[in-house]
Amino acid sequence: MIPNREQAWEWLCQYNQSDSLRKHGLTVEGVMRHFAALNGEDPDLWGVVGLLHDLDYEQYPDQHCAKVQEILGEKGVDEAVIRAVASHGYGMCSDIEPLSRLEKTLYTIDELSGLITAAALMRPSRSVMDIEVKSVKKKFKDKRFAAGVDREVIVKGAEGLGMELDAVIAETIRGMQEVAEAIGLEMHTAE
């Protein structure tokens, strides 16, 4: 069974009370839907995988990417969805290598969307609507900025997708812009 968006959102909220984790799920969903459209793939499927990718993170941080397989398996979720969700932690908390385009995209944009969110929040607008690739690249090179973001994963992910890093950053920004209001990164006016 492939869960629909409503089910995936309900499960994410059931397992994650943190507003920031929920917004991260919405961010990754939006970017995954954007990349699915770019690749002629199913945006609903890619979006659901994006929403579910950190399902187990808040309650089971030490079992991240393992516990989610158990949870989704018990819900009867299709094996391909479970595999895709678990593959985003490859080399960190999972030994499931991202192989499909969907899996490689999730692996790449999970960390990258976190970096872009942090960079957007540093801007006067606190928005993703006016952020540029060069601004993100500058933050990318500063290892102290958003130090928890694994830049190596982003670079390896872009290579796995056969895309230039700048192009992956640009498309991730576009995907985030499409859901900017839902993730709280729309334009804010000075008060």
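A brief structural summary. Quantities reported herein were computed from a predicted structural model and do not represent experimental measurements.

Calculation notes
- Residues numbered from 1 in each chain as written.
- Predicted model: local features only at pLDDT ≥ 70, side-chain atom pairs only at ≥ 80, totals over all residues.
- Heavy atoms only, no water.
- Phe/Tyr/Trp six-rings, centres within 6.5 Å; stacked < 30°, edge-to-face > 60°.
- Lys NZ or Arg CZ within 6 Å of the ring centre and 35° of its normal.
- Helix = DSSP H or I, 4+ residues; strand = E, 2+ residues; numbered from the N terminus.
- Buried < 20%, exposed > 50% of the residue type's maximum accessible area, 1.4 Å probe, protein only.
- Salt bridge = Lys/Arg side-chain N within 4 Å of Asp/Glu carboxyl O.
- Core = buried A, V, L, I, M, F, W, Y, C linked by side-chain atoms within 4.5 Å.
- Contact = heavy atoms within 4.5 Å.

A few words on the packing of aromatic side chains. Per the counting criterion, the structure on display carries zero aromatic pairs. Above the plane of the ring of Phe145 lies Lys139, whose end atom (NZ or CZ) is 4.7 Å from the centre.

Moving on: unusual backbone geometry. Backbone geometry places Cys65, a non-glycine residue, at a positive phi of 80°. Tracing the backbone shows Cys65 in the loop between helix 3 (43–52) and helix 4 (67–74). A residue is classified by how much of its surface remains accessible, and Cys65, at 1% relative accessible area, is buried. Its identity as a non-glycine residue notwithstanding, Arg126 has a phi of 50°, on the positive side. Inspection of the secondary structure puts Arg126 in the loop between helix 6 (101–121) and helix 7 (133–141). With a relative accessible area of 43%, Arg126 lands in the partly exposed category.

For the rest of this paragraph, the subject is the pattern of salt bridges. If you walk through the whole model with that rule in mind, you get ten salt bridges. We note a salt bridge from Lys23 to Asp19, for which the minimum N-O separation is 3.3 Å. Pair noted here: Lys23 and Asp19 are both in helix 2 (residues 19–38), with a separation of four residues, about one helical turn. By relative accessible area, which is 30% here, Lys23 ends up partly exposed. Asp44 is the salt-bridge partner of Arg33, the closest N and O atoms lying 3.0 Å from each other. Residue Arg33 is located in helix 2, and its partner Asp44 is located in helix 3; the two are separated by eleven residues in the primary sequence.

A few words on the nonpolar core. One finds Leu52, Leu55, Leu72 and Val128 to be the most contacted residues of the largest nonpolar core, which totals 48 residues. For this core, the element with the most residues is helix 6, which contributes eight residues. The contacts of Leu72, once residues within four sequence positions are left out, are Trp11, Leu52, Leu55, Val77, Ile82 and Val85.

By themselves these figures say nothing about function.
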